[in-house]
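Chain residues, written in single-letter form:
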Amino acid sequence: MTNNDNIFRLENINLSYNDLVIFKNFNIDFHLNKINIILGASGSGKTSLLNIISSKINKDDKAFVYQEPRLLEFYNAYKNIEYVLKDKIKNKDDIDKKIKNSLEITGLIKNIYSKPNQLSGGMKQRLSLARALAYDSSFILMDEPLQGQDIKRKKELIDIIKDIQLKTNKTFFYVTHDVYEAVMLGDYVYILSNKNNCTQLIFETYIENNNIENHQAKLTNILINN
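These lines cover the structure that appears in this document, whether it is placed above or below. (Residues numbered from 1 in each chain as written. Predicted model: local features only at pLDDT ≥ 70, side-chain atom pairs only at ≥ 80, totals over all residues. Heavy atoms only, no water.)

## Some details on the overall build of the protein
Part 1 of the reasoning: Helices and strands together make up the secondary structure of the protein, namely seven helices and nine strands.
Part 2 of the reasoning: Its C-alpha atoms give the protein a radius of gyration of 18 Å, within 12% of the compact-globule value 17 Å for 226 residues.
Part 3 of the reasoning: By residue count, 48% of the 226 residues in the protein fall in the buried class.
Part 4 of the reasoning: Put simply, of all contacts in the protein between residues at least 6 apart along the chain, 68% involve residues at least 24 apart.
Part 5 of the reasoning: Accessible surface, the protein as shown: approximately 11700 Å² in total, 44% of it carbon and sulfur.
Part 6 of the reasoning: Put simply, the protein has 30 plus and 27 minus side-chain charges, and the middle of one group is 4 Å from the middle of the other. (Helix = DSSP H or I, 4+ residues; strand = E, 2+ residues; numbered from the N terminus. Rg over C-alpha atoms; globule rule 2.2 N^0.38 Å. Buried < 20%, exposed > 50% of the residue type's maximum accessible area, 1.4 Å probe, protein only. Contact = heavy atoms within 4.5 Å. Areas by Shrake-Rupley, 256 points an atom, 1.4 Å probe, with all protein chains shown as cover. Lys, Arg positive; Asp, Glu negative; His and termini not counted. Charge placed at Lys NZ, Arg CZ, Asp CG, Glu CD.)

And the structure:
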C-alpha cells in the first residue's frame, strides 16, 4: 500500500481461499479525506477488500461500523463509548469531552444514559457511529451499516455520516450493495464484479451532487449487467 498525493493505493493484491481466487494482481486507488463507496453484488469481494484495506492501516488509526451495532447491552450509551477509549486515552476529561461531542454530532446527547434496549434500531446504529467517531482515528471502515434500516432512518444516517466527514475530514471506506446509499453518500464510487472468476474493478466515478439521478441510473445499469 502506498499513501501519497491524497491517494490510498493498493497494488498487486492477491487473495485466495483454497482453490477459490478472490483477487489476482488487483490494483485500486482510493481517495484520502473522502467517502469511498465499495459497491457490488453479494459475493463480489467487497468485504474481502475492506479487510485488506484494514490490514494496511495501523490498529490505532482505524474504527469500524458494522451491519449490526455490536453494542454492550449492559452499558449505557456513554459507557459503550468509554469502553473503547479507556485504553487509548488516559485523561478522563478528554474521554468525557470526546464522548459527549460524538453523541452531540450523532444526535444522541439526550440518550447519553440510555442502554441499547432503550434505543431504536436507527439510534443503535447512530451510537455505533458515535463510538467510531469518538475513537478519533483517521479512517472509518463501514460494512453494510444501513442494511435493514427503513428509508427514513437510512436518509437520517446518511446525513449524519456526511456531516461527520465534513466536520472531521476523515477517510471513509464504505461497503454496500445499495445504489441509493452509494450515490447519496459517496464522493467516489467503485464497482466490483467477480464475473470472470476473480474480483475486478469494473467502474469508478466521482459523484456530482447535482447529478444524483443520472448516477443512480448508470450505476444500477452497470450492476444489472455485471
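Next comes the rest of the account.
## A short note on the packing of aromatic side chains
Part 1 of the reasoning: Applying the stated criterion to the full structure yields ten aromatic pairs.
Part 2 of the reasoning: Their ring planes at 5° and their centres at 5.7 Å tell us that F64 and Y66 sit as a pair that is stacked.
Part 3 of the reasoning: Look at F64 and you get partly exposed, because its relative accessible area is 28%.
Part 4 of the reasoning: Grouped by ring-pair contacts, the aromatic residues F8, F30, F139, F173 and Y190 constitute a single cluster.
Part 5 of the reasoning: Its end group placed over the ring of Y66, R70 keeps NZ or CZ at 3.7 Å from the ring centre. (Phe/Tyr/Trp six-rings, centres within 6.5 Å; stacked < 30°, edge-to-face > 60°. Lys NZ or Arg CZ within 6 Å of the ring centre and 35° of its normal.)

## A short note on the pattern of salt bridges
Part 1 of the reasoning: Summed over all chains, the structure comprises twelve salt bridges.
Part 2 of the reasoning: The salt bridge involving E82 is made with K79; its shortest N-O contact spans 3.1 Å. Placement of the pair is E82 and K79 together in helix α2 (residues 77–85), with a separation of three residues, close to one helical turn.
Part 3 of the reasoning: Residue K98 is joined to D136 by a salt bridge in which the shortest nitrogen-to-oxygen separation is 3.1 Å. Remark: D136 occurs in the loop between α4 (121–134) and β6 (139–143) and K98 occurs in helix α3 (residues 92–105); sequence separation between them is 38 residues.
Part 4 of the reasoning: Salt bridges linked by common partners bring K98, D136 and K170 together as one network. (Salt bridge = Lys/Arg side-chain N within 4 Å of Asp/Glu carboxyl O.)

## Overview of the sheet that holds strand β9 (residues 200–206)
Part 1 of the reasoning: The strand order across the open sheet built from six strands is β5-β6-β7-β4-β8-β9, with neighbouring strands paired in mixed fashion. Pairing within the sheet leaves two strands with one partner each, and these edge strands are β5 (62–65) and β9. The average undirected angle you get between the axes of adjacent strands in this sheet is 15°.
Part 2 of the reasoning: Relative to β6, β5 runs parallel, the two sharing four bridges. By the bridge assignment for β6, A63 is matched with I140.
Part 3 of the reasoning: Strands in contact with α4 are β5 and β6; relative to β5, the strand with the most contacts, it is inclined by about 175°. (Pairing = 2+ DSSP bridges. Axes fitted to C-alpha atoms, helices over the stretch in contact; angles between N-to-C directions.)

These values are about where atoms sit, not about what they do.
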